[in-house]
Amino acid sequence: MENKASDNLQDLQYFGEYGGVNPSISDSSTYTFLSAKTMFDTFEGNTEGCYLYTRHSSPSNLYLGEALAALEGTETANVTASGMGAITAVIMQLCNAGDHIVSSRTIYGGTYAFMKNFLKKFNVKTSFVDITNIKAIEEAITPNTKMIYCESVSNPLLEIADIKTLSVLAKKHGIPLVVDNTFSPLTVSPAKLGAEIVIHSLTKFINGTSDCVAGVVCGTKEFCLALKDVHDGAGMLLGSTLDSLRAASILKNMRTLHIRMKKHSENAHYLAENFEKEGLKVVYPGLKSHKGHEKLKSFMNPEFGFGGLMTINVGSLDKANALMELMQKKKLGYLAVSLGFYKTLFSAPGTSTSSEIPLEEQKEMGLSDGLVRFSVGLDNDIHRTFRMMRACMEELHILNPKTSMV
Ligand SMILES: *Cc1c(COP(=O)(O)O)cnc(C)c1O
C-alpha cells in the first residue's frame, strides 16, 4: 500500500533553529511584527506563516499538528489542550441552537455526558444509536442533523464502526462523519476511509507516557482554519490551547508510536486468545468470536494488529474489583483509568470511565458489572504476564487451578 501513515510520519524531517534534529520550542505567548499592516492582515487570517498569539497557533503546535495530519492523511490538524477540548470545539463549531447529532451510543463517557447533558443548554439534541446498525443510523438523521459521530473502536465495548459505509451515508445527507480514533492510531485510518474529521485524545496511545492530556482535530484546511478564526472559531474562542513545551514532548513520543502499537497489539492479542481458551468471556477485536472482527480486518492496517484494548467479564463487580486490586499488588499493572501506557492499566468501566452513562442504558448496550477493561502494556515476556494473571484469577476462583502446570 502506498502513502502509509507510518511512512508519512517517518518522512517528516525537522531542522531546528540551530540545525537541531528536533525543532526548536517556541517559548513565547506573543509575536512581534515588523509592520502594523502585517499584524492587521494576520488578524484577518490573510498571512500564512505569521504568528500572532499562542492561543491562535505557535510553531511548536503547528509541528505537532503537521505530524498528526501525516498520521491521519488529512490536509492539516489543530492540536488542543485535551481530547475533550478537541471534541467540544468540533461540536460547537458544527452545531447551532436547535441542531441535532446522530451519535454512536457506545462512546467515551465524557463525550456522552457533553452531548447528553451539556448541549441541553444550547438546545442541541443527540440521538444515541447502535453504530453497527446502519439502518437505525439513517432513520435517526433529521433535516437538522449536523454530523454523524462515532469512535472507530468504541469505548469500552470495542465495537467496530463501519467507517466506509457510514461516510457514504453521511455524504448522501450532506453532513460530515466525525470519528474519534483514540483507541486505534495507525491501525485504522478513518480519513482514508471517508471520514471528514478525525479526533484523537493524544493523552492515550499517541503520547503513550501518561504524563499529560492533549488532543487533536484532523481535517481539511478550511475546517481547521475556521476552528481558529479569531471572530467565530470554537477552537480559538473556547481557549483549549496546548502548551508549546508539551506539544514538543508529545511530538518526540510520537516517533515510537509504530513500535509501541505493534507491541500493545501483540501482547493484547496473546492475552485475549489465551484467556478465551480458558473459557473466559473476552472481548478483543482480534478474536474470531468478536462481532466486528471481519469488518475491522477488511479495512485495518494489518501490520499494527488489533489494538491494545481488551475486556474480560469476570462475573461480578466484586470479583472485578478484587482481581484488579490483586493484579496491582502483584505489579502486573495499575488500577487506573486511561490507556496506552507502558504498564497495563485496568479499570471497571461501569463504575469509572463510563459511569456518566445511566445504569439502565449501560445494561442495554451490554456494559455489565463484571467487566474489566485492560489497556495491555508493553511487557517483554507476555507469557509470564499471562501466567501471573492466571494465578490471580485462580486465587479469586475466577478460573479453576490448572491440573498440569505449563
Ligand atoms: C480519553 C478519551 C477522550 C478524552 O480525552 P482527554 O484527553 O481525556 O480529554 C475522548 N475519547 C476517547 C475515546 C478517550 O479514550
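Residues numbered from 1 in each chain as written. Predicted model: local features only at pLDDT ≥ 70, side-chain atom pairs only at ≥ 80, totals over all residues. Heavy atoms only, no water.

A closer look at the side chain of Ser347
The condition that has to hold: Helix and strand definitions here come from DSSP, where helices need a minimum of 4 consecutive H or I residues and strands a minimum of 2 consecutive E residues; each element is numbered from the N-terminal end. Burial classes follow relative accessibility: with a 1.4 Å probe on protein chains only, a residue under 20% of its type's maximum area counts as buried, one over 50% as exposed, and anything between as partly exposed. Every residue pair with non-hydrogen atoms within 4.5 Å of one another is taken to be in contact.
With respect to the helices and strands, Ser347 occurs in strand β11 (residues 344–347). Ser347 sits in the buried class, given a relative accessible area of 3%. When sequence neighbours within four positions are dropped, the list of residues in contact with Ser347 reads Met324, Ala336, Val337, Ser352, Leu371, Val372 and Arg373.

Focus on the pattern of salt bridges
Test applied: In what follows, salt bridge is the name for a side-chain nitrogen of Lys or Arg lying within 4 Å of a carboxyl oxygen of Asp or Glu.
Per the stated rule, a full pass over the model turns up eleven salt bridges. One salt bridge in this structure joins Lys37 and Asp41, with 2.7 Å as the shortest N-O distance. Of this pair, Lys37 and Asp41 both sit in helix α2 (residues 36–43), four residues apart, which is roughly one turn of that helix. By relative accessible area, which is 54% here, Lys37 ends up exposed. Classification of Asp41 by relative accessible area gives buried; the value is 17%. Across the pair Lys262 and Glu303 runs a salt bridge whose closest N-O atoms are separated by 3.8 Å. Taken together, the residues span a long stretch of sequence, with Lys262 in helix α11 (residues 257–277) and Glu303 in the loop between α12 (293–299) and β9 (309–313) at a distance of 41 residues. Overall, Glu303 belongs to the partly exposed group, its relative accessible area being 37%. Overlapping salt bridges bring together Lys4, Lys262 and Glu303 as one network.

Taken by themselves, the reported measurements are silent on function.
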